[in-house]
Amino acid sequence: MTGSNTPRPTLAHIAELTGVSVSTVSKVLNGRDDVSPDTRARVDAALRGHHYQRRGTPGPDQTPHTVDLVLSGLDGSWPASVASGMETAAWEAGLHVVVSRARPPAPGHRTPDWLERILDRGTAGIVLGLVEPTPRQLTRLATAHTPCVVIDPLSDPPPDVTSIGTTNWSGAYEATNHLLHHGHHRIALVTGPPHHLYTRARTAGYRSALTAAGLDTDPRLIRHGNHDRASGAEQVHALITLPDPPTALFICSDHMAIGAYEALARAGLRVPADISVVGFDDLPEARWVTPALTTVRQPLKEMGGSALRTLTRLIHGEELESPRIELATTLIIRNSTAPRP
C-alpha cells in the first residue's frame, strides 16, 4: 500500500508492471473498448493494487474538490435552476462544480467526446442532466471508477445507475384532475417525445385521471412536442382547429405552454375565459406570462442539490438505499384555469 512518503504510481509505472504501453493503460482508465479483456483485467488489477488515482480524484485520505454537471443544453431556466441547486449544495460540501454541455461528436471528426475530455482532465464524479449516456460511456465510467448520477433519465437506466427524478405520474394526474374538477371533459395533452421516460409517466397519469372520472381517452387529443415554444404553438394550433376542439389543455412543459398562449392569442381565444391551460415545471416564466400559468412544480433546484449529495455519497463509497430517488411535484394554481365555458 502506498504510504504518505511513497510516490504515487504513474501510468509509466503501471505500464512497466503489466508489460503494456502507457497508451494502453490510458485506454483502460478511459474505458476504451479497443483493449482485450485479459489486458484490461491485468491493468485494472495493477491500478487497484497500487491505489492509482486520476488527477482530480481523491485519494484514500483526501476530500474530492471538483465534480462535473453535464447538461443537454445550457440555455433556459431548466438547466439554470438545476445548476443553481447543485452549486449551492456543492458550496456547503466544500466542492467545486464544472458545468458543461454534452456536445455530440462532429461528423467526420475523431475528436474526444465530452466524457473523454472530462476523464482526461480528472473529476471526482459526474451528474448528467437530460443526457442519455450510451452503454459504452457507462462502461467507461465504471472502468474509470467515476461515480455518476442521472437527473431525469430519458429512458429506464440500468439498475446500477443512480437517478434523480420527480413524481411525474402523480403530477400529471393532479393537473388533469384539477381541470376535471372545473368541469372540463375535452382535455388535450401536449407532451414530450413519446420514447422519453417522463413523457410516458405523465401520459399515464393523464390517462388514469380520465379513467377515474369515467371518461375515455381520445387519441386525437394527445400530441407530442419537443419542449419548446414552437412545438407547443404548432400542436395547440392543430388541437383548436379540430371539429370538436378541447376546452382545456394540459401541456407538459412551461415552454410549450408559452407557445400555446401565442397560438391561442392568434386564434382570438382568451385564457382562461375560452380555454384553460395547465403547464409543467413551474419555471420563472410561468409567473411572468399573462394570465399567470397554473402549472405542476418540479423542484428543480432540489433535484440539483439531491444529485450532488447523492454523488458525494457514491464518491465516498456509501451504499444507497435505492438507485432511484423521486422528489414530490406540487400543483401551483394561478390564473390560467377556470370552469368550463
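Just above sits the structure.
Let me sum up the structure you'll find in this document.

## A look at the overall build of the protein chain
When helices and strands are counted, the protein chain shows twelve helices and twelve strands. With respect to the principal axes defined by its C-alpha atoms, the protein chain has extents near 80 × 40 × 35 Å. Per-residue burial for the protein chain yields a buried fraction of 52% across its 341 residues. Partitioning the intrachain contacts of the protein chain with sequence separation of at least 6 by distance along the chain shows that 72% fall at a separation of at least 24. Here the protein chain displays about 16,200 Å² of accessible surface, and carbon together with sulfur accounts for 53% of that area.

## Some details on the sheet that holds strand S9 (residues 276-281)
The strand order across the open sheet formed by six strands is S7-S6-S8-S9-S10-S12, and the pairing between neighbours is mixed. Strands with a single pairing partner mark the edges of an open sheet, and in this sheet they are strand S7 (222-224) and strand S12 (330-332). Going across the sheet, the axis of each strand differs from the next one's by a mean of 20°, ignoring polarity. Here strand S8 (residues 248-251) runs beside S9; their pairing, made up of three bridges, is parallel. Each bridged residue has a counterpart across the sheet, and for Ala248 the counterpart in S9 is Ser276.

## Thoughts on the nonpolar core
Core analysis: the largest hydrophobic core is formed by 40 residues, its most contacted members being Tyr206, Val236, Leu249, Phe250, Ile251, Leu264 and Val277. Looking at this core, the elements that each hand over two or more residues are helix H7 (168-181), strand S6 (187-191), helix H8 (197-212), helix H9 (229-240), S8, helix H10 (254-266) and S9. Looking at this core element by element, the count peaks at seven residues for H10. Among all residues touching Phe250, those that are not within four sequence positions of it are Ala172, Ala175, Thr176, Leu179, Ala188, Leu189, Val190, Tyr206, Val278, Gly279 and Phe280.

Parameters at a glance
- Residues numbered from 1 in each chain as written.
- Predicted model: local features only at pLDDT ≥ 70, side-chain atom pairs only at ≥ 80, totals over all residues.
- Heavy atoms only, no water.
- Helix = DSSP H or I, 4+ residues; strand = E, 2+ residues; numbered from the N terminus.
- Buried < 20%, exposed > 50% of the residue type's maximum accessible area, 1.4 Å probe, protein only.
- Contact = heavy atoms within 4.5 Å.
- Areas by Shrake-Rupley, 256 points an atom, 1.4 Å probe, with all protein chains shown as cover.
- Pairing = 2+ DSSP bridges.
- Axes fitted to C-alpha atoms, helices over the stretch in contact; angles between N-to-C directions.
- Core = buried A, V, L, I, M, F, W, Y, C linked by side-chain atoms within 4.5 Å.

Read these as spatial facts, not as claims about activity.
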